[in-house]
Amino acid sequence: MFDCKLICTDIDGTLLDGNHKISPENRRVIAKAYRKGITIALISGRKASSLELLQAELGIHGPLGCYSGALVVDEGKILASHPITWKNTKEVLSFVEGMGLESFIYTDKRWYIQKESPWMAFETSVSHTEGKVVPFDELPEHCTNNNEIPYKILCMSEDISLVLEAEKLLHRKFSQALNIYRSGPRYLEISAKDVDKGHALEEICRAYGYETSQAMAIGDYFNDLGMLKVAGHSVAMANAPDEVKRHAHTVTASNLEDGLAKAIEAIL
């Protein structure tokens, strides 16, 4: 019998439905697990304040894996911090500038974009956090003056083939210094080398005194592979690519069919 102490769940494509909402069934089953004393950790590419809004909606407290594991916090306490350097940030932005990709920069306090765009409006509506427009050549000085640390670069395009090509080129140029991975068909995330959601799971287990064998991980995309590989029980969503499913112990229903709730009910 799986002795579950910790459930680590991805957000977009896993916890949230197609309208970026938490379904009543997912909310009910998470509350049931939480009442049983299981720690619920939201592990996402999102920033802490966005995840805290989801915690409040779920009625839970506990650890958060932000920026796909680059920053792990628990009730304001930092459990792990793996920022990227401004040197690497500027090099990546310069490299992708001519590719036609939109870019966001995420610090420990907020996210930035060079100019207003539909991508900015979409990110604001989904994350419920406001971005700030600052020219990227001014950003290092701006953030240094405000004691902000960069944790993630997000590059995106509606052209999926462009995202795939950019991933290859970025890997070729920066894979020795940075993690580069797709978090969705239209999204590329760049963060500190050798840091992923699996590291967030391990840090949370260390802080709580759990074994990774007592952790359940649920996700739907390539940026979830780290935690799917290290968890004692890993679950891929039906809407996950086949390559992601191959790294999970089991596959649940899609995020449109309360797959998260079904997966958790199966181990309670």
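Preceding block: the structure.
Nothing here was measured: the structure is a model prediction, and the numbers come from that model. (Residues numbered from 1 in each chain as written. Predicted model: local features only at pLDDT ≥ 70, side-chain atom pairs only at ≥ 80, totals over all residues. Heavy atoms only, no water.)

A. The arrangement of the nonpolar core in detail. Ranked by size, the top nonpolar core spans 67 residues in total, and within it Ile 7, Leu 15, Leu 42, Met 216, Ile 218 and Ile 264 carry the most contacts. Residue contacts for Ile 7: discarding those within four places in its chain leaves Ala 33, Ile 38, Thr 39, Ile 40, Ala 41, Met 216, Ile 218 and Ile 264. (Core = buried A, V, L, I, M, F, W, Y, C linked by side-chain atoms within 4.5 Å. Buried < 20%, exposed > 50% of the residue type's maximum accessible area, 1.4 Å probe, protein only. Contact = heavy atoms within 4.5 Å.)

B. Highlighting the sheet that holds strand S13 (residues 233-236). Taken in spatial order, the eight strands of this open sheet run S5-S4-S3-S2-S1-S12-S13-S14, and their pairing is mixed. Two strands bound the open sheet, and with one partner strand each, they are strand S5 (77-81) and strand S14 (250-251). Two strands pair when backbone bridges link them, and strand S12 (residues 215-219) and S13 are joined in this way by four bridges, in the parallel orientation. From the neighbouring strand, Gly 219 faces S13, where its bridge partner is Ala 236. Sheet strands touched by helix H3 (residues 48-58): strand S2 (39-43), strand S3 (63-66) and strand S4 (71-74). Its angle to S3, the strand with the most contacts, is close to 140°. The sheet contacts of helix H8 (residues 197-208) involve strand S1 (6-9), S2, S3, S4, S5 and S12, and relative to S2 the element is tilted by about 150°. (Pairing = 2+ DSSP bridges. Helix = DSSP H or I, 4+ residues; strand = E, 2+ residues; numbered from the N terminus. Axes fitted to C-alpha atoms, helices over the stretch in contact; angles between N-to-C directions.)

C. Expanded view of helix H4 (residues 86-96). Listed in full, the buried residues belonging to H4 are Trp 86, Asn 88, Thr 89, Val 92, Leu 93 and Val 96. For H4, the angular spread of buried residues about the axis comes to 160°, placing them on one side. Next to the buried residues of H4 lie strand S6 (102-107), helix H6 (139-145), strand S9 (150-156), helix H7 (160-174), strand S10 (178-184) and strand S11 (187-192). (Arc of directions from axis to C-beta.)

D. Focus on the sheet that holds S9. With mixed pairing, the six strands of this open sheet are ordered in space as S8-S7-S6-S9-S11-S10. Edge positions in the open sheet fall to strand S8 (132-133) and S10, since each of these has one partner strand only. As paired strands, S6 and strand S7 (residues 111-113) are joined by two bridges and run antiparallel to one another. Opposite Tyr 106, over in S7, you have Trp 111 as the bridge partner. Seen against the sheet, H4 touches S6, S9, S10 and S11 and runs at an angle of roughly 10° to S9. Across the sheet, H7 lies against S10 and S11, angled at about 165° from S10, the strand it touches most.

E. The pairing of S3, seen in detail. Neither face of S3 is left uncovered, since the one carrying Pro 63 and Gly 65 and the one carrying Leu 64 and Cys 66 both have all their residues buried. Here S2 pairs with S3 via two bridges, running parallel. Within S3, the residue paired with Leu 42 across the bridge is Leu 64. On the question of chirality, the crossover connecting S2 to the parallel S3 by way of H3 is right-handed. (Right-handed = clockwise from strand over helix to strand, strands pointing away.)

Take it as geometry only, folks, not as evidence of what the structure does.
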